[in-house]
Amino acid sequence: FNLAAERIDKCKKADIIGKSIFEVRSGIEEFGLVEVLRRVYHSGIPEEYPEKHYKDNALEAWYQNHVYKHPSGEIVAVFDDITDRHQAAEEILKSRQAL
């Protein structure tokens, strides 16, 4: 969890490190990323997790993830918050439908 992740998720590294992903992100199972993390852990084959909406009691956003296994054996998820882009696309669609 780096400075970019702190900025994107609006939380501090100190509040995340050492906790279970299930504790930190209560909606992670429904989001579907856990299965990707497990597959990559066992196979070592990187995976792209396409854009998907995430929501829990503290956070709501659209994310894209790239998951890979680091040579140390750790699983890394590089994520991008694409909420602004997704909302802009929805607004364009709504304006076109209104015409």
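So, how was this worked out
- Residues numbered from 1 in each chain as written.
- Predicted model: local features only at pLDDT ≥ 70, side-chain atom pairs only at ≥ 80, totals over all residues.
- Heavy atoms only, no water.
- Core = buried A, V, L, I, M, F, W, Y, C linked by side-chain atoms within 4.5 Å.
- Buried < 20%, exposed > 50% of the residue type's maximum accessible area, 1.4 Å probe, protein only.
- Helix = DSSP H or I, 4+ residues; strand = E, 2+ residues; numbered from the N terminus.
- Contact = heavy atoms within 4.5 Å.
- Pairing = 2+ DSSP bridges.
- Axes fitted to C-alpha atoms, helices over the stretch in contact; angles between N-to-C directions.
- pLDDT = per-residue confidence, 0-100.
- Phe/Tyr/Trp six-rings, centres within 6.5 Å; stacked < 30°, edge-to-face > 60°.
- Lys NZ or Arg CZ within 6 Å of the ring centre and 35° of its normal.

**Q** It is not clear to me how the nonpolar core should be interpreted in this structure. Could you clarify?
**A** Most often, soluble globular proteins have nonpolar side chains that are buried together. With 13 residues, the main nonpolar core has Phe 31, Leu 33, Val 36 and Tyr 63 as its most contacted residues. Elements represented by at least two residues in this core include exactly helix H3 (28-31), helix H4 (33-43), strand S1 (47-55) and strand S2 (60-69). With 4 residues, the top contributor of residues to this core is H4.

**Q** Would you mind going over the side chain of His 86 with me for this structure?
**A** Residue placement: His 86 occurs in helix H5 (residues 83-98). Those residues in contact with His 86 that lie beyond four places of it in its chain are Glu 51 and Trp 62.

**Q** In this structure, what is going on with the pairing of S2? I would like to understand it.
**A** Along any regular strand, the residues point their side chains to alternate faces of the sheet. Relative to S2, S1 runs antiparallel, the two sharing 7 bridges. Looking across to S2, one finds that Glu 48 is bridged to His 66. Between the antiparallel neighbours S2 and strand S3 (residues 75-81) lie 5 residues, among them Gly 73 with a positive phi of about 100°.

**Q** Just checking my understanding: could you explain the sheet that holds S2 for this structure?
**A** Sheet strands pair via backbone hydrogen bonds, and the direction of the pair is either parallel or antiparallel. With antiparallel pairing, the 3 strands of this open sheet are ordered in space as S1-S2-S3. Looking at the sheet topology across the chains shown, the edges are occupied by S1 and S3. Across this sheet, the average inter-strand angle for adjacent strands is 30°, counted without regard to direction. Direction of pairing for S2 relative to S3: antiparallel, over a ladder of 7 bridges. By the bridge assignment, His 66 is partnered in S3 with Val 78. On the sheet, H5 packs against S1, S2 and S3 and is oriented at approximately 130° with respect to S2.

**Q** Explanation requested: the confidence of the model for the chain in the structure shown.
**A** Interpreting fine coordinate detail is not advised for predicted regions of low pLDDT. Put simply, the chain has an average pLDDT of 90, and 100% of its residues get 70 or more. When mean pLDDT is taken per element in the chain, H4 scores highest with 96 and helix H1 (residues 3-9) scores lowest with 81.

**Q** What is the right way to read the environment of Gln 64 from this model?
**A** With respect to the element layout, Gln 64 can be found in strand S2. A sequence separation of 12 residues divides Gln 64 from Lys 52, and the C-alpha atoms of the two residues are 6.7 Å apart. Setting aside its immediate chain neighbours within four residues, Gln 64 contacts Tyr 49, Pro 50, Glu 51, Val 78, Phe 79, Asp 80, Ile 82 and Arg 85.

**Q** Explanation requested: the packing of aromatic side chains in the structure shown.
**A** Aromatic rings considered in pairs are described by the distance between their centres and by the relative angle of their planes. Applying the stated criterion across every chain, the model contains 4 aromatic pairs. Aromatic pair Phe 31 and Tyr 54: ring centres 5.4 Å apart, planes at 80°, arrangement edge-to-face. With Phe 31 in helix H3 and Tyr 54 in strand S1, this residue pair connects regions lying 23 residues apart in the sequence. Both residues of the pair, Phe 31 and Tyr 54, count as buried. When the ring centre of Tyr 41 is taken as origin, the NZ or CZ atom of Lys 69, which lies over that ring, is 4.6 Å away.

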